[in-house]
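# Chains, contacts and geometry: an overview
The primary structure of each chain is shown beneath.
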Amino acid sequence: MKALVIGATGATGKDLVSQLLNDENFKEVDIFVRKPIDLQHDKLNVHVVNFDKPEEWKDSVKGDVAFSCLGTTLKAAGSKEAQRKVDFVYQYEFAKAAKENGVDDYILVSAYGANPQSKIFYSKMKGELEEAVKQLHFNKITIFKPGMLERKNSERTGEVLGSRIIKFANKFGLLESQKPLPTDILAKAMINSSKIKSNGYSSIKLGNIFCFAEKSNA
């Protein structure tokens, strides 16, 4: 199979690309990034693109399965408008290009609580993206809805502290529905889901994400 990845330089994306390159089921891995990266592999094709100009790169979005794990924070983006450009516009344009080029399988990382009717900006934005991508009518679409992610060497102080608090509570059987999800586990679940022969739409929440990651021959 040939995999396409957007968001390859983020925590989840790095784990995803690493696992794809080491998976014999994938013969090619194309990633779409804003800047050159220090990674080389016989199976890897790096497309350095301007996401504001999809007309320049959309014809390159061709393969068997597309993985979308792009995202940023409000703090990093600087404004809600800038965050929406990354978390909605860029991802939707990538999905639309994939659909137009005949990609059958689309895998999207969304968020727990995503809802287009939400009054919370982030949840509303993620919910709107889910609905927009679903309306493209891929043959198969899988949307992962993790809660708090556990990133390697994370610089997000609040996230690190929150993860520690929840993991401590988990030891006493508390907050199990909010168990932090390591990004490498999420990446493994995404890859396993791509190997399942099915059609239609699937929504995968936290508990089932761990189950997907454990499937050795999904």
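One can find the structure itself at the top, above this paragraph.
Residues numbered from 1 in each chain as written. Predicted model: local features only at pLDDT ≥ 70, side-chain atom pairs only at ≥ 80, totals over all residues. Heavy atoms only, no water.

## Some details on the pattern of salt bridges
Applying the stated criterion across every chain yields a total of 10 salt bridges. Note that D52 is salt-bridged to K85, the shortest N-O span being 3.7 Å. Residue D52 is found in the loop between β3 (44-48) and β4 (65-68), and its partner K85 is found in helix α3 (residues 80-100); the two are separated by 33 residues along the sequence. K85 gets classed as partly exposed once you look at its relative accessible area, which sits at 37%. Put simply, E93 and K96 hold a salt bridge, and the shortest N to O gap is 3.7 Å. One end of the pair, E93, and the other, K96, are both in helix α3, 3 residues apart, so they sit about a helical turn from each other. (Salt bridge = Lys/Arg side-chain N within 4 Å of Asp/Glu carboxyl O. Helix = DSSP H or I, 4+ residues; strand = E, 2+ residues; numbered from the N terminus. Buried < 20%, exposed > 50% of the residue type's maximum accessible area, 1.4 Å probe, protein only.)

## A word on the sheet that holds strand β2 (residues 28-33)
Read from one edge of the open sheet, 7 strands run β3-β2-β1-β4-β5-β6-β9, paired in parallel fashion. Since the sheet does not close on itself, it has two edges, and those belong to β3 and β9 (200-205), each with one partner. On average, each strand axis in the sheet is tilted by 15 degrees relative to the strand beside it, whichever way the strands run. Note that β2 and β3 share 5 bridges and pair parallel. In the strand pairing of β3, I31 is matched with V46. The strands touched by helix α7 (residues 206-214) within the sheet are β6 (140-145) and β9, with β9 carrying the most contacts at an inclination of about 100 degrees. (Pairing = 2+ DSSP bridges. Axes fitted to C-alpha atoms, helices over the stretch in contact; angles between N-to-C directions. Contact = heavy atoms within 4.5 Å.)

## Structural notes on the packing of helix α6 (residues 183-194) against α7
At a closest axis distance of 7 Å, the pairing of α6 and α7 adopts a crossing angle of 70 degrees. Classified by the interaxial angle, the pair formed by α6 and α7 is roughly perpendicular. Between α6 and α7 lies a crossing of left-handed hand. On the side of α6, the interface is formed by I185, L186, K188, A189, N192 and S193, while α7 contributes I209, F210, F212 and A213. In the contact of α6 with α7, the residues fall into 7 nonpolar, 2 polar and 1 charged. (Parallel < 35°, antiparallel > 145°, perpendicular 65-115°, else oblique. Left-handed = near helix turned anticlockwise from the far one by under 90°. Nonpolar A, V, L, I, M, F, W, Y, C, P; charged D, E, K, R; others polar.)

## Looking at helix α1 (residues 11-21)
Regarding α1, the residues found buried are T12, G13, D15, L16, V17, L20 and L21. Buried residues along α1 sit against β1 (2-6), β2, β3, β4, β7 (149-150) and α6.

## Things to note about the packing of aromatic side chains
Applying the stated criterion to the full structure yields 9 aromatic pairs. Seen from their ring centres, F51 and W57 are 5.7 Å apart, and the 75 degrees between their planes marks the pair as edge-to-face. A relative accessible area of 3% means that W57 is categorised as buried. Judged by centre distance (4.8 Å) and plane angle (25 degrees), the ring pair of Y106 and F138 falls under stacked. Of this pair, Y106 sits in strand β5 (residues 105-109) while F138 sits in the loop between α4 (121-134) and β6, and the two are 32 residues apart along the sequence. There is no split in this pair, since Y106 and F138 are both buried. One aromatic cluster is present, formed by F32, F51, W57, Y90, F94, Y106 and F138 through successive ring pairs. In this arrangement the basic side chain of K99 is found over the ring face of F138, its NZ or CZ atom lying 6.0 Å from the centre. In this structure, K134 packs its charged tip against the face of Y201, placed 4.4 Å from the ring centre. (Phe/Tyr/Trp six-rings, centres within 6.5 Å; stacked < 30°, edge-to-face > 60°. Lys NZ or Arg CZ within 6 Å of the ring centre and 35° of its normal.)

Distances and angles like these do not, on their own, reveal function.
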